[in-house]
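Summary of structural features
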Amino acid sequence: MDLRSAWLATRQWVPFTLRTMAYGTVSLTLGPLTPQRSASLWAMRRWCQASARGLDIEIQASGLENVPPGVFVYCSNHQSLLDILALGAVLPGDFKWAAKRSLMKIPFLGWHLRLAGHVPVDRTVGSRAAVEAISRFEEVLKSGKPLLVFPEGTRSEDGILRQFKNGGFYAAVRAGVPVVPVAIDGTHLLMKKGALDTGDGTLRIIRVRVGAPIAVRPEGREGARVNELRERAHAAVSELLRSIGGRVEAPAGAPAASDAPASDARTEQASG
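Reading guide: rules and limits
Residues numbered from 1 in each chain as written. Predicted model: local features only at pLDDT ≥ 70, side-chain atom pairs only at ≥ 80, totals over all residues. Heavy atoms only, no water. Core = buried A, V, L, I, M, F, W, Y, C linked by side-chain atoms within 4.5 Å. Buried < 20%, exposed > 50% of the residue type's maximum accessible area, 1.4 Å probe, protein only. Helix = DSSP H or I, 4+ residues; strand = E, 2+ residues; numbered from the N terminus. Contact = heavy atoms within 4.5 Å. Salt bridge = Lys/Arg side-chain N within 4 Å of Asp/Glu carboxyl O.

Grouped together as the largest cluster of nonpolar side chains are 37 residues, with contacts concentrated most on Y74, L87 and L148. For this core, the elements supplying multiple residues, two or more each, are α1 (3–30), α2 (38–54), α3 (82–90), β3 (96–100), α4 (109–115), β6 (179–185) and β7 (205–210). Apart from the residues within four sequence positions on either side, Y74 is in contact with V67, L91, P92, F95, L147, L148, V149, V180 and V182. Counting residues in each nonpolar core, the second largest holds 33 residues, with V73, F169, A172 and I214 among its members.

Structural data, given as structure tokens:
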């Protein structure tokens, strides 16, 4: 790392770390004492908003009127670690994240995520990881809370939308709840995968757009319903992303369709 990069990283992340500790402490101490852990939700929302301001980021959100009441699955593309800040700052509801398990090990942030009921996910392909993740997704929805997943499975290295995995859509089908498509663009340019800072400040706009809910097809075999829901969600996120200036991978064939239940299709990556 050169001196300039070291300075940028220090200038941005030292205040960020202190802010994380402060709001994390509020969540950890007051969260268990408030109904529905409302203090933890307040701390998360304020942490996201304050951190975005501290990084000189402006979040332009549209389509929030499309968010339905009750239980549903937010389905968003994933460009950067900053997606958490942007979406947490503007998306309504006490939703639970499908978060990479390694984030749960970060002091204060990880402790908050566990306390608030967010879902740790292993970013690996494997039968046990897939089934456990889907089961946790279902538990969140059954508890009456919305869920947010990143169905590409990991951050895009170039900001281009990729194909979706099935895990979050199995949970939506089994719970009978709609999927709400979300597109985010700009975070990849601010902090690329592997970067230690958010750039030199020449671009500080993040755009978020929410689309209309997508209902689960009520009849048919589970695997076919999951595949159909996944394809519709991908098409909706693609359209939203293009509308805010993002890029989508050229169609090269969707993931192999299967009508088998998740218990027989366990190698399908379930991370959101």
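Moving on, we come to the pattern of salt bridges. In this structure the tally under the stated criterion is 8 salt bridges. Residue K96 is joined to D94 by a salt bridge in which the shortest nitrogen-to-oxygen separation is 3.2 Å. A relative accessible area of 16% means that D94 is categorised as buried. K145 serves as the salt-bridge partner of D94, at 2.9 Å between the closest nitrogen and oxygen. Of this pair, D94 sits in the loop between α3 and β3 while K145 sits in the loop between α5 (127–142) and β5 (147–149), placing them 51 residues apart in sequence. Neither residue differs from the other here; D94 and K145 are each classed as buried. One connected set of salt bridges, linked through shared partners, spans D94, K96 and K145.

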